[in-house]
Number of protein chains: 2
Amino acid sequence: MASTLELLEEHRLFGGWQQRYRHLSTSMNCTMTFSIFLPGPKSSTPPPVVWFLAGLTCSDENFSVKSGAQRVAAELGLVLVMPDTGPRGEHVANDDGYDLGQGASFYLNASEAPWASHFRMYDYINSELPALIAGNFNVSDRQAIMGHSMGGHGALMFALRNPGKFSSVSAFAPIVNPMAVPWGQKAFSAYLGGETDAWRQYDSCWLMQNGGAVLPMLVDQGDSDQFLADQLRPEQLEATAHELGYPLTLRIQPGYDHSYFFIASFIEDHLRFHAQHLLVP
Amino acid sequence: MASTLELLEEHRLFGGWQQRYRHLSTSMNCTMTFSIFLPGPKSSTPPPVVWFLAGLTCSDENFSVKSGAQRVAAELGLVLVMPDTGPRGEHVANDDGYDLGQGASFYLNASEAPWASHFRMYDYINSELPALIAGNFNVSDRQAIMGHSMGGHGALMFALRNPGKFSSVSAFAPIVNPMAVPWGQKAFSAYLGGETDAWRQYDSCWLMQNGGAVLPMLVDQGDSDQFLADQLRPEQLEATAHELGYPLTLRIQPGYDHSYFFIASFIEDHLRFHAQHLLVP
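No experiment lies behind these values; they were computed from the predicted model shown.

Concerning the overall build of chain A
Regarding its fold elements, chain A presents 10 helices and nine strands. Whereas a compact globule of 281 residues would reach a radius of gyration of roughly 19 Å, chain A reaches 17 Å, a difference of no more than 12%. If you line up chain A on its principal axes, its C-alpha atoms span 50 × 45 × 35 Å. Buried positions account for 62% of the 281 residues belonging to chain A. Just so you have it, chain A exposes about 10,500 Å², and 49% of that area is on carbon and sulfur atoms.

Considering helix α4 (residues 150-161) of chain A
An α-helical turn contains 3.6 residues, so any two residues separated by three or four positions project in the same direction. Residues and elements named next belong to chain A. Counted at 1.5 Å a residue, the expected span for α4 with its 12 residues is 16 Å, and the 16 Å between its end C-alpha atoms agrees. Within α4, 11 of the 12 residues are buried, which leaves it mostly tucked inside the rest of the structure. Buried residues of α4: Met150, Gly151, Gly152, His153, Gly154, Ala155, Leu156, Met157, Phe158, Ala159 and Leu160, and no others.

A short note on the interface of chain B and chain A
Buried accessible area, meaning the area lost when the parts come together, often serves as the stated size of an interface. The interface of chain B with chain A comprises 23 residues on the first partner and 23 residues on the second. The contact between chain B and chain A buries some 1,700 Å² in all, and 60% of this surface belongs to carbon and sulfur atoms. On inspection of chain B and its partner chain A, the count reaches zero salt bridges. Here chain B is connected to chain A by 10 residue pairs in polar contact (both at pLDDT 80 or more).

Examining the relation of the copies chain B and chain A
Rotating chain B by 180° and moving it 0.0 Å along the rotation axis overlays it on chain A with an RMSD of 0.0 Å. Both copies of the chain, as the preceding transformation shows, are related through a two-fold rotation axis. Every residue of chain B has its C-alpha some distance from the rotation axis, and the shortest such distance is that of B:Lys66, at 2.5 Å.

Topic: the packing of aromatic side chains
Residue and element names in this part refer to chain B. Under the definition given, this model contains 35 aromatic pairs over all chains. The rings of Phe106, Tyr107, Tyr122, Phe158, Phe188, Trp199 and Tyr202 are connected pair by pair, giving a single aromatic cluster. The ring of Tyr122 has Arg161 sitting right over it, with the charged end atom 4.1 Å from the ring centre.

With respect to the environment of B:Met150
Residues and elements named next belong to chain B. Mapped onto the elements of the fold, Met150 is located in helix α4 (residues 150-161). Its relative accessible area of 0% is what places Met150 among the buried residues. In the structure, Met150 is positioned 30 residues away from Arg120 in sequence and 15 Å away in space, judged by C-alpha atoms. Excluding anything up to four places from it in sequence, Met150 contacts Ala54, Gly55, Leu56, Thr85, Gly103, Ala104, Ser105, Phe106, Tyr107 and Ile175.

Thoughts on the packing of helix α3 (residues 121-136) of chain B against α4(B)
Residues and elements named next belong to chain B. Direction vectors running N to C along α3 and α4 enclose 60°, while the axes themselves pass 12 Å from each other. In terms of axis orientation, α3 runs oblique to α4. Regarding α3 and α4, the two cross each other, and that crossing is right-handed. Together, Met121, Tyr122, Ile125 and Asn126 of α3 and Met157, Phe158 and Arg161 of α4 make up the contact between the two elements. Across the contact of α3 with α4, the residue classes break down as five nonpolar, one polar and one charged.

As for the UniProt feature "active site" (unreviewed entry) in chain A
Residue and element names in this part refer to chain A. Under the UniProt annotation, the feature "active site" (unreviewed entry) is placed at Ser149, Asp225 and His258. Spatially, the listed residues are clustered: although they cover 110 residues, their C-alpha atoms lie within 10.8 Å of one another. On the secondary structure map, Ser149 appears in the loop between β6 (143-148) and α4. Its relative accessible area of 3% is what places Ser149 among the buried residues. If near-sequence neighbours (up to four positions away) are discounted, Ser149 is found in contact with Gly55, Phe172, Ala173, Pro174, Ile175, Trp183 and His258.

Some details on the pairing of strand β3 (residues 30-38) of chain B
All names here are of chain B. Most of β3 is tucked away: eight of the nine residues are buried. Two elements, strand β2 (residues 16-25) and β3, share nine bridges in a ladder whose sense is antiparallel. Across the sheet, residue Gln18 finds its bridge partner in β3, namely Phe37. Between the end of β2 and the start of β3, which pair antiparallel, lie four residues, with Asn29 showing a positive phi angle near 60°. With four bridges connecting them, β3 and strand β5 (residues 79-83) associate as antiparallel partners. Bridge pairing in β5 links Phe34 to Pro83.

Here's the deal with the confidence of the model for chain A
A residue-level look at chain A finds 99% of positions with pLDDT of 70 or above and a mean pLDDT of 96. At the level of chain-chain contacts, confidence expressed as ipTM amounts to 0.93, with global pTM at 0.95.

Things to note about the environment of A:Glu10
Along the chain, the position of A:Glu10 falls in strand β1 (residues 6-13). Residue classification places A:Glu10 among the partly exposed positions, given a relative accessible area of 37%. Setting aside residues up to four positions removed in sequence, A:Glu10 forms contacts with A:Trp17, A:Gln18, A:Gln19 and B:Asp257. At 2.7 Å, the side chain of A:Glu10 forms a polar contact with the side chain of A:Gln19.

Criteria and cut-off values
Residues numbered from 1 in each chain as written. Chains lettered and ligands numbered in written order. Predicted model: local features only at pLDDT ≥ 70, side-chain atom pairs only at ≥ 80, totals over all residues. Heavy atoms only, no water. Helix = DSSP H or I, 4+ residues; strand = E, 2+ residues; numbered from the N terminus. Rg over C-alpha atoms; globule rule 2.2 N^0.38 Å. Buried < 20%, exposed > 50% of the residue type's maximum accessible area, 1.4 Å probe, protein only. Areas by Shrake-Rupley, 256 points an atom, 1.4 Å probe, with all protein chains shown as cover. Expected span 1.5 Å × (residues − 1). Contact = heavy atoms within 4.5 Å. Buried area = accessible area lost by both parts, 1.4 Å probe. Salt bridge = Lys/Arg side-chain N within 4 Å of Asp/Glu carboxyl O. Polar contact = N/O pair within 3.5 Å; in protein donor to acceptor, adjacent residues only side chain to side chain. Least-squares fit on C-alpha atoms with pLDDT ≥ 70 in both. Phe/Tyr/Trp six-rings, centres within 6.5 Å; stacked < 30°, edge-to-face > 60°. Lys NZ or Arg CZ within 6 Å of the ring centre and 35° of its normal. Axes fitted to C-alpha atoms, helices over the stretch in contact; angles between N-to-C directions. Parallel < 35°, antiparallel > 145°, perpendicular 65-115°, else oblique. Left-handed = near helix turned anticlockwise from the far one by under 90°. Nonpolar A, V, L, I, M, F, W, Y, C, P; charged D, E, K, R; others polar. UniProt positions renumbered as here; feature names shortened; annotations may be inferred. Pairing = 2+ DSSP bridges. pLDDT = per-residue confidence, 0-100.

Below, the structure is given as structure tokens:
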């Protein structure tokens, strides 16, 4: 499905280009914005793509300006795609809370009113945007995915539900077990209705336990993160991984919090981890 | 002069700490905010300080979150100090333009009403804040200074007016000849009155030509910078440097604009340049 891309911004950095586009999304039934980093040419073959899914209250711009990822992506020859976190606009349903509605899609397809008409982020991130990227940019079909907090949940969830699609997955402070924590319970209740089987398809702990795709997985978590005990609980994922022999590396980083300063400190490790799996001959 | 520092924020990053403080400034006659990056210990001796002065509309936070400088500062063992760009608050004079008043101090001591009561940034950056840093943090007395745009003007101007104070100076897209361009003429007229000898003391081209301090100077300038021809004109500084045999390295970076993406792309070069002069035994 062809879609017209409107270039909103373009900046040279680290020998490549940071661009920002708007387009009309058929999945979302509204315009969507994303950012992309295109490294300078490193080889004659099209570069692989690394997706970054952002957290609550963020847009495509937070990671673009705060992570420092482009420096490493330029060196390794990786394209970075940074989608927005959900539908936006006056005509899009919203909520007073920062953790529901615009900026808080949880990367799912909503089934409940008033959300179902625009909150179709699972389809948008899983199908529509990848096709748009493949159709408009010179990229290989090899890809990896990562994210932060709500976007860490998204990255793990997309990877676990799509065997063979991603070479590797990583996350910073992800919500690994949304069915069991306040953020996830609030969002899933609103978007998907009362607790049902539908919730499970968006819960990384459940997915890993129940036949989710097996691929290299790296998770970093700061131990001074204010959301660690109530919302994140990476030990739940680690316990499941340990039980199954799943290839998860969980690193607890002493003194680090939930901010982009934490992401910036470890983004190089994540991109090198992905490159190791993406760039094999 | 002792001053109480109020810690506003603290984040671990790259093995060091990013902190943000508020304090009552005697020079400015109001509260001021600054950010500081303290690297993890690299040696038994106190680390040197690199100052970063930001540009129009910025605060201490832009460079803190967008430059990626802390990664390199952590590696090299450098303290970064990021002051705000001027006085702020409801009681502080302001202007509707983005290039005059709050966020647009031009790092000078204003003599004219209504600015003179708070716009004393020359004294604040040159004397009060360095004493505060030296009195409250474990730092050496070796220091370098850099800045962007209006802050590049500031960095060059402070270095040229203070022989022996800085080991080196650098700038990204600096306003090198404010007396001759619209931004500088508007600001100097308002803060200092009609064109007088007072303007010259804040003009880097004039200062270099007229016995300014000689020290290693690095300037990066993007050739796609929208302000290059009208406001920045680095060729004026280069011509003066060439005439005098002044140790200026001016690099024109093809395709780069005026944004922090430009700064992020070259900050590593600047910090290594400063370290080369700061860290000599």
